[in-house]
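Architecture and fold: a report
Here is how the chains run, residue by residue.
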Amino acid sequence: MSSDSNPSAAKTFHVKSFGCQMNVYDGERMSEMLGAQGYVPAEDGVDADLVVLNTCHIREKAAEKVYSDIGRLRRANGSKPVIAVAGCVAQAEGAEIARRAPSVDVVVGPQAYHRLPELIAQAQGGKRAIDLDMPLESKFGALPKRSANQRATAFLTVQEGCDKFCTYCVVPYTRGAEISRPFADLIAEARSLIEAGVREITLLGQNVNAWTGEDDKGRDIGLDGLIRALAKEDGLARLRYMTSHPNDMTDGLIAAHGDVEKLMPFLHLPVQAGSDRILAAMNRSHTARSYLDIIEKMRAVRPDVAVSGDFIVGFPGETEDDFQATLDIVRDTNFAMAYSFKYSKRAGTPAATMDDQIDDAVMNDRLQRLQSLLNEQQQAFNAATVGLPTNILLERKGKLDGQFIGKSPWLQSVHLIAPELSIGDMVDVDIISAGPNSLGATLRQYQEA
Ligand code: 5AD
Ligand code: SF4
């Protein structure tokens, strides 16, 4: 253990999160916990006394990145910060990390990070600390109350883990079984965020729409019930949720999009592929048709809904015809935005040992064709919002003088010049221009937030 720190000064820390929004949320909770322990945030990892790398294991490239990042933490004089590896690579690779990267002091899985302070203390005593437990007690109960630091938006994890076992995916192994956090805890956490100034909350879960719980009257409710309860909170302006699985897309949740005003017209619903043969091999337990039926129902109650998806090209055995079916479902759905990936073989998953792994050159070609269609659709969606009266929530300052960047109801980034406004304001605007990744707007009229 070596550190450059001055023992009399406050210790500094830096948390770097990779991958999904759940990791962003976990990273924030770890930062809040370290703050409560007296640590002060540092801008950069290299200068900090403690660095937490909050890692992602979903694809090989993301998982390998942790090792180069660890290497970069060594300083010119040979010293280094205390290094903790958290997140899904920690869970999946455990002691292997310590073997490959001896400079790592702490390895902690995504269900055990509330124990980080003890683990750091153990490491400081000279004994490397590894905690990959998935304890019965919830980490959430052991974390300090939320502090929102003047932000307009926040994530709130309501559900974790996955029981779906898609054959390509490591999440059921790294994040464990599906668990829903209790209703009362979620209302309390939402209230502390709102009190701290948050106006928009995104409910998070690997299968967020599988959330279930009992409301304050003991009634069994699903995500739609939770959304309806949260929508009653004064001060909260907007609600979103992600990521959903098609099989948990209930009629009640779809109906909520029709009548809960605070629920934004946005649905992130991964489909992964358009060929039923590939969907079956992926163990997705839905078909292209059942996916399209959900989209149709959603558009019937909320015609302007922005649909977003995830795609994998080059799953083992995928033929050109299968890939054409993916392009077909994209054309039939019409996406506002999407994430698409080349299949990445993950050790321990059933797909890793399937025959007919696809050549990288074929995957590259398919990914490029898919992305050009998705980009066209995104551009068309953005262009169609020009001229629409809408509102945006200002999230941060832009590069120009008096400029803000906010989000439209459809999760597009919107640039606006309005020096008299502040972060957290909800303002009525006219969209005047659209690029591939963002919109421009002018102020329509100012509303007191
Ligand atoms: N290879 C490529 N993409 C994957 N995803 C999950 N596992 C893999 C894998 N092995 C993608 C899926 C999922 C998103 C979070 O990551 O599209 O929805
Ligand atoms: Fe992975 Fe499938 Fe679970 Fe999503 S639903 S986390 S892709 S196993």
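For the structure, check the block above.
Right, let's walk through the structure included here. Because the structure is predicted, anything quoted here is derived from the model rather than measured. (Residues numbered from 1 in each chain as written. Chains lettered and ligands numbered in written order. Predicted model: local features only at pLDDT ≥ 70, side-chain atom pairs only at ≥ 80, totals over all residues. Heavy atoms only, no water.)

Things to note about the packing of helix H11 (residues 288-301) against helix H12 (residues 320-333)
- Interhelical geometry of H11 versus H12 gives an angle of 10° and a closest axis separation of 11 Å. Put simply, H11 runs roughly parallel to H12. Facing H11, whose interface residues are Ala288, Tyr291, Leu292, Ile295 and Arg299, H12 presents Ile329, Asp332 and Thr333.
- Classifying every residue of the contact of H11 with H12 gives 5 nonpolar, 1 polar and 2 charged. (Axes fitted to C-alpha atoms, helices over the stretch in contact; angles between N-to-C directions. Helix = DSSP H or I, 4+ residues; strand = E, 2+ residues; numbered from the N terminus. Parallel < 35°, antiparallel > 145°, perpendicular 65-115°, else oblique. Contact = heavy atoms within 4.5 Å. Nonpolar A, V, L, I, M, F, W, Y, C, P; charged D, E, K, R; others polar.)

Concerning the site of ligand 1
- Taken together, Ile58, Arg59, Tyr168, Gln272, Asp310, Ile312, Phe341, Lys342, Tyr343, Ser344 and Arg346 make up the full set of residues near ligand 1.
- Contacts to ligand 1 include Tyr168, whose backbone N or O atom sits 3.0 Å from a nitrogen atom.
- In this structure, a nitrogen atom belonging to ligand 1 sits 2.8 Å away from a main-chain N or O atom of Ser344.
- Put simply, ligand 1 lies in the largest pocket.
- Among the secondary structure elements, those contributing two or more residues to the shell around ligand 1 are strand E15 (306-313) and strand E16 (337-342).
- Residues of the shell around ligand 1, tallied by class, amount to 5 nonpolar, 2 polar and 4 charged. (Near = heavy atom within 4 Å. Polar contact = N/O pair within 3.5 Å; in protein donor to acceptor, adjacent residues only side chain to side chain. 1 Å grid on protein atoms, 1.4 Å probe; cavity = no way out; pocket = protein on both sides within 12 Å on 5 of 7 lines; lining within 4 Å. Sits in = over half its atoms within 2 Å of the grid points.)

With respect to empty space enclosed by the protein
- What the rule picks out here adds up to 1 cavity of 30 Å³ or more.
- By volume, the largest cavity amounts to about 50 Å³.
- If you go around the largest cavity, the residues you meet are Thr202, Leu239, Arg240, Tyr241, Met242, Leu263, Met264 and Phe266.
- Looking at the lining of the largest cavity residue by residue, the class counts come to 6 nonpolar, 1 polar and 1 charged. (Points joined across faces, edges and corners; volume = space filled by probe spheres on them.)

Some thoughts on the sheet that holds E16
- As summarised here, the arrangement of the 3 strands in space is E14-E15-E16, forming an open sheet in which the pairing is parallel. Only two strands of the sheet have a single partner each, and these edge strands are strand E14 (266-268) and E16. If you compare each strand with its neighbour and ignore which way they point, the axes differ by 10° on average.
- Pairing geometry for E14 and E15, over 3 bridges, is parallel. Among the inter-strand pairings, Leu267 is bridged to a residue of E15, identified as Val307.
- Packing against the sheet, H11 makes contact with E14 and E15, and its axis sits at approximately 165° to E15. (Pairing = 2+ DSSP bridges.)

With respect to the packing of aromatic side chains
- A full pass over the atoms with the stated rule returns 6 aromatic pairs.
- Pairing Phe13 with Tyr39 gives two aromatic rings, centres 6.4 Å apart and planes at 85°, and the pair type is edge-to-face. With Phe13 in strand E1 (residues 12-17) and Tyr39 in the loop between helix H1 (21-36) and strand E2 (40-41), this residue pair connects regions lying 26 residues apart in the sequence. Take Phe13 and Tyr39: they sit in the same class, and that class is buried. (Phe/Tyr/Trp six-rings, centres within 6.5 Å; stacked < 30°, edge-to-face > 60°. Buried < 20%, exposed > 50% of the residue type's maximum accessible area, 1.4 Å probe, protein only.)

Looking at the site of ligand 2
- Every residue close to ligand 2 is listed here: Cys162, Lys164, Phe165, Cys166, Tyr168, Cys169, Val171, Pro172, Asn207, His245 and Arg284.
- Among the detected pockets, ligand 2 sits in the largest pocket.

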